[in-house]
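Below are the chains, spelled out letter by letter.
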Amino acid sequence: MNKLSTKIKVTGAGIILLITAFAFTSPGERYFEIAKNLDIFATLFKEVNALYVDEVNPNKVIRKGIDAMLSSLDPYTNYIPEDDIEDFRTQSTGQYGGIGALTSKIDGKIKVTMIVEGYSAQKNGLKIGDEVIKIDDIDITQLEREEAADLMKGQANTPVSLTVKRYGNPEPITLNFTREKVKINNVPFMGMVSNDIGYIKLAEFTLDAGKEVKEAVVKLKSQGAKKFILDVRGNPGGLLMEAVNITNVFIPKGKEVVSTKGKIEDHNQDYKTLNQPIDTEIPLVVLINSGSASASEIVAGTLQDYDRAVIIGQKSFGKGLVQITRPLTYNAQLKVTTAKYYTPSGRCIQSLDYSHRNEDGSVGKVPDSLKSEFKTVNNRSVYDGGGIDPDIEVEKSPMSPVAYALYAKGHIFDYATEFYYTNPKITPAKEFALTDTQYEGFKTWLNGKDYSYTTQVEKNLKKLKEYALEEKYYEDIEHTIENLEKTLEASKANDLNDFESQIKTLLEEEITSRYYLERGSIESSFDKDQDISTAIGVLNEPTKYDSILAKK
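Residues numbered from 1 in each chain as written. Predicted model: local features only at pLDDT ≥ 70, side-chain atom pairs only at ≥ 80, totals over all residues. Heavy atoms only, no water.

What follows covers the overall build of the chain. Within the chain one finds 18 helices and 21 strands. What you see for the chain is a C-alpha radius of gyration of 27 Å, in line with the 24 Å of a compact globule of 552 residues. With the principal axes as the frame, the chain shows a C-alpha extent of 75 × 70 × 70 Å. Residues counted as buried form 43% of the 552 residues belonging to the chain. For the chain, long-range pairs separated by at least 24 residues make up 70% of all intrachain contacts whose partners lie at least 6 apart in sequence. (Helix = DSSP H or I, 4+ residues; strand = E, 2+ residues; numbered from the N terminus. Rg over C-alpha atoms; globule rule 2.2 N^0.38 Å. Buried < 20%, exposed > 50% of the residue type's maximum accessible area, 1.4 Å probe, protein only. Contact = heavy atoms within 4.5 Å.)

Here we come to the sheet that holds strand E12 (residues 227–231). Pairing within the open sheet is mixed, and its 6 strands lie in the order E10-E11-E12-E15-E16-E21. Of all the strands in the sheet, the pair left with one neighbour each is strand E10 (189–192) and strand E21 (392–393). Pairing of strand E11 (residues 197–201) with E12, which is carried by 5 bridges, proceeds in the parallel orientation. What sits directly across from Lys201, in E12, is Asp231. (Pairing = 2+ DSSP bridges.)

Moving on, we get to the pattern of salt bridges. Taken as a whole, this structure holds 27 salt bridges when the rule is applied. Between Lys123 and Glu180 there is a salt bridge, with the nearest N and O atoms lying 3.5 Å from each other. On the criterion of sequence distance, the pair formed by Lys123 in helix H5 (residues 120–123) and Glu180 in strand E9 (residues 180–183) is long-range, its members being 57 residues apart. Residue Asp450 is joined to Lys409 by a salt bridge in which the shortest nitrogen-to-oxygen separation is 3.6 Å. With Asp450 in the loop between helix H12 (436–445) and helix H13 (456–470) and Lys409 in the loop between helix H10 (401–408) and helix H11 (411–422), this pair connects stretches of sequence that are 41 residues apart. Overall, the relative accessible area of 47% leaves Asp450 in the partly exposed class. Owing to a relative accessible area of 31%, Lys409 belongs among the partly exposed residues under this scheme. (Salt bridge = Lys/Arg side-chain N within 4 Å of Asp/Glu carboxyl O.)

A separate point is a nonpolar patch on the surface. Together, Met399, Tyr404 and Tyr407 line one region of the surface with nonpolar side chains, adding up to about 350 Å² of accessible area. Summarising the element assignment, Met399 is placed in the loop between E21 and H10. For Met399, a relative accessible area of 41% gives the class partly exposed. (Patch = residues over 30% accessible without salt bridge, like charges linked within 9 Å, V, L, I, M, F, W, Y side chains within 5 Å. Areas by Shrake-Rupley, 256 points an atom, 1.4 Å probe, with all protein chains shown as cover.)

Okay, helix H14 (residues 474–493) next. Its 20 residues place the ends of H14 27 Å apart at the C-alpha level, agreeing with the 28 Å of an ideal helix rising 1.5 Å per residue. The sharpest bend along H14 comes to roughly 30°, located at Thr480. Burial in H14 covers these residues: Tyr474, Ile481 and Leu488. The inward-facing, buried residues of H14 abut H13. (Expected span 1.5 Å × (residues − 1). Bend = angle between axes of the 7 residues up to and from the residue.)

What follows is about the nonpolar core. Across soluble globular proteins, you tend to see nonpolar side chains buried next to one another. In this structure, Ile229, Leu230, Leu284, Val286 and Ile312 are the most contacted members of the largest nonpolar core, which totals 60 residues. In terms of nonpolar packing, the next biggest core, distinct from the first, is built from 23 residues, Leu446, Leu496, Ile511 and Tyr515 among them. (Core = buried A, V, L, I, M, F, W, Y, C linked by side-chain atoms within 4.5 Å.)

Checked against the element boundaries, Arg179 lands in the loop between strand E8 (173–178) and E9. In this structure Arg179 comes out as buried when scored by relative accessible area, which is 8%. Sequence spacing of Arg179 and Thr103 is 76 residues, and the spatial spacing of their C-alpha atoms is 16 Å. For Arg179, the side chain forms a polar contact with the main-chain oxygen of Lys153, separated by 3.3 Å. (Polar contact = N/O pair within 3.5 Å; in protein donor to acceptor, adjacent residues only side chain to side chain.)

This part covers the pairing of strand E5 (residues 131–135). In terms of burial, E5 is largely enclosed, as 4 of its 5 residues are buried. Inspection of the sheet shows E5 paired to strand E7 (residues 159–165) by 4 bridges, in the antiparallel sense. Paired with Lys134 across the strands is Thr163, a residue of E7. Summarising the sheet, E5 and strand E6 (residues 138–139) pair through 2 bridges and their orientation is antiparallel. Looking across to E6, one finds that Ile135 is bridged to Ile138. Linkage of E5 to E6, two consecutive antiparallel strands, is achieved through a turn of 2 residues, within which Asp136 is found at a positive phi near 55°.

According to the stated counting rule, one finds 14 aromatic pairs in the structure shown. Residues Tyr420 and Tyr515 carry aromatic rings whose centres are separated by 5.0 Å and whose planes lie at 70° to one another, so their mutual orientation is edge-to-face. Linking Tyr420 in helix H11 with Tyr515 in helix H16 (residues 500–523), this pair joins segments that are 95 residues apart in sequence. Taken together, Tyr415, Phe419, Phe432, Tyr439, Phe442 and Trp445 form an aromatic cluster joined through their ring pairs. (Phe/Tyr/Trp six-rings, centres within 6.5 Å; stacked < 30°, edge-to-face > 60°.)

What follows covers the confidence of the model for the chain. With 95% of its residues at a pLDDT of 70 or more, the chain has an overall mean of 91. In the model, residues 1–23 has pLDDT below 50 throughout and makes 31 contacts with residues more than four positions away in sequence or in other chains. (pLDDT = per-residue confidence, 0-100.)

All right, on to the layout of surface pockets then. By volume, the second largest pocket is sized at about 420 Å³. Along the walls of the second largest pocket sit 16 residues, with Glu86, Tyr96, Gly97, Lys153 and Gly154 positioned nearest its centre. For the lining of the second largest pocket, the leading source of residues is helix H4 (residues 85–93), giving 5 residues. Among the residues forming the lining of the second largest pocket, the class breakdown is 2 nonpolar, 6 polar and 8 charged. (1 Å grid on protein atoms, 1.4 Å probe; cavity = no way out; pocket = protein on both sides within 12 Å on 5 of 7 lines; lining within 4 Å. Points joined across faces, edges and corners; volume = space filled by probe spheres on them. Nonpolar A, V, L, I, M, F, W, Y, C, P; charged D, E, K, R; others polar.)

Turning to the packing of H13 against H14, a few remarks are in order. At a closest axis distance of 11 Å, the pairing of H13 and H14 adopts a crossing angle of 165°. By the angle class used here, H13 and H14 are roughly antiparallel. Every pair of crossing elements has a handedness; the one defined by H13 and H14 is left-handed. Residues Val457, Glu458, Leu461, Leu464, Lys465, Ala468 and Leu469 of H13 lie in contact with H14, whose contacting residues are Tyr474, Ile477, Ile481, Leu484, Glu485, Leu488 and Lys492. In the contact of H13 with H14, the residues fall into 10 nonpolar, no polar and 4 charged. (Axes fitted to C-alpha atoms, helices over the stretch in contact; angles between N-to-C directions. Parallel < 35°, antiparallel > 145°, perpendicular 65-115°, else oblique. Left-handed = near helix turned anticlockwise from the far one by under 90°.)

Here we take up a negative patch on the surface. A surface patch of negative charge is lined by Glu82, Asp83, Asp84, Glu144, Glu146, Glu147 and Asp150. Structurally, Asp83 is set in the loop between strand E1 (78–80) and H4. (Lys, Arg positive; Asp, Glu negative; His and termini not counted. Charge placed at Lys NZ, Arg CZ, Asp CG, Glu CD.)

Turning our eyes to something else, we now look at the pairing of E12. When a strand is regular, its side chains alternate between the sheet's two faces. Taken across its 5 residues, E12 has 5 buried, putting it largely inside the fold. Neither face of E12 is exposed, since Lys227, Ile229 and Asp231 on one face and Phe228 and Leu230 on the opposite face are all buried. Tracing the backbone out of E11, into helix H7 (residues 209–222) and back to the parallel element E12 gives a crossover that is right-handed. As paired elements, E12 and strand E15 (residues 284–288) share 4 bridges and run parallel to each other. Among the inter-strand pairings, Ile229 is bridged to a residue of E15, identified as Val285. (Right-handed = clockwise from strand over helix to strand, strands pointing away.)

Next up, the structure:
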């Protein structure tokens with residue numbers, strides 16, 4: 001089957017290469033080549049299906065060919081079969097039929113990781129940390145998380161039961177729910193980070209994202225907000241029109257937000273703000289990072305081009321491609337890249353050039369030499385070809401290996417669950433902090449638990465040993481290497497102390513989510529968040545804020 005899959009992949013990629021080769025021929029010749037290659041593909045598969053030594057599954061093999069063909073274009077052009085349509089709609093609308101619970105596979109077990117406020121899961125007693133072992137009468141302990149999630153979903157107003165193991169309960173308990181139409185909030189949190197600074201966390205760009213941001217601004221202004229932080233960090237984007245609507249909250253009606261340009265000129269379009277704004281003068285900071293993509297970059301880039309906001313954080317992802325969906329036969333759909341988008345200054349922030357791949361098939365970033373300079377309204381320089389560059393870059397400390405191991409192996413999660421059941425109450429999320437005594441308790445709790453990890457220094461030292469042995473230098477440096485290994489071992493023994501601040505932050509975010517759900521997890525991080533601290537500092541210095549935006 002591996003050889004067959006390879007053949008289909010090559011054939012699928014070959015179709016694209018041949019089509020590309022004839023991109024500049026006459027339409028008649030081009031369509032002849034398309035028909036010819038499709039005929040070759042069909043006859044090839046018929047022969048393989050008839051003669052291959054093992055039974056061929058046509059659905060799997062042809063799906064591999066389709067996926068290989070589309071992946072040779074870019075990662076965003078995808079085939080969506082009928083079975084996946086509901087998940088695709090959820091991504092676009094933020095809505096699905098379910099109970100309002102998110103799960104993950106942690107240490108091989110399917111556990112509830114978040115409860116959506118106001119829905120059946122919360123109302124009927126499901127808790128973060130519960131291990132789901134049955135859905136209705138189906139044992140899910142051997143299923144993948146996605147399979148279990150599909151079983152929880154269904155038509156609204158239909159019943160479903162979950163049997164869970166819960167910390168402190170000797171026997172599993174069964175909880176009954178009624179599925180509802182669950183709407184995932186685009187704005188999971190809004191609140192005040194100081195007496196006069198409002199904060200809005202924008203996590204999605206599904207339907208009504210613009211409406212939710214508008215309502216958040218109005219509500220926070222009524223609570224005394226005179227400055228705003230809009231946080232799109234980690235937001236991968238979504239509906240383009242919602243990016244236009246969100247930008248419209250802060251810039252006047254009739255202003256260009258984004259234009260799209262593709263192969264079919266008649267489909268090129270300019271998107272302008274359609275409504276009266278809420279506030280065009282209130283000081284604004286937008287937070288971005290490497291996880292901010294697509295619609296997030298439209299919002300950040302447009303506000304930057306109009307010198308309407310100071311952008312703070314790290315360089316954004318750099319996805320400047322637009323996709324549309326087209327219906328296919330058998331209720332399937334094609335999501336296809338049709339255009340690139342451009343911010344008002346004229347820049348496209350796409351960072352990877354999929355049209356010019358390297359010989360090995362990899363994709364390189366747009367080199368600095370090919371990037372062009374553009375100007376904002378106030379004549380500040382901005383550049384294309386590599387995401388949105390923040391006006392103030394905040395250096396991020398990478399997660400330490402010990403913190404990553406504790407998180408990845410589920411120890412942070414499990415400790416937070418036990419903490420919840422042994423501490424009935426905690427302070428408000430914004431004030432919550434683990435005491436030194438509690439952190440020592442966590443370290444004791446870790447005794448006997450596996451959180452082994454390998455540091456980059458250890459990996460490099462291992463390579464050094466391999467090279468030394470290969471090149472016959474090992475005997476000369478053996479003693480030095482042994483001393484280094486002992487030093488590293490002693491250093492790792494102190495990692496729980498050396499990276500205490502980082503580990504505490506992870507614990508505090510996880511613990512507060514048990515009491516206050518997603519709002520608590522977000523709010524607990526405020527005082528340790530470097531980006532937010534920088535934003536508050538800039539907003540509290542009007543002269544600095546104006547100078548960054550080159551305001552006279």
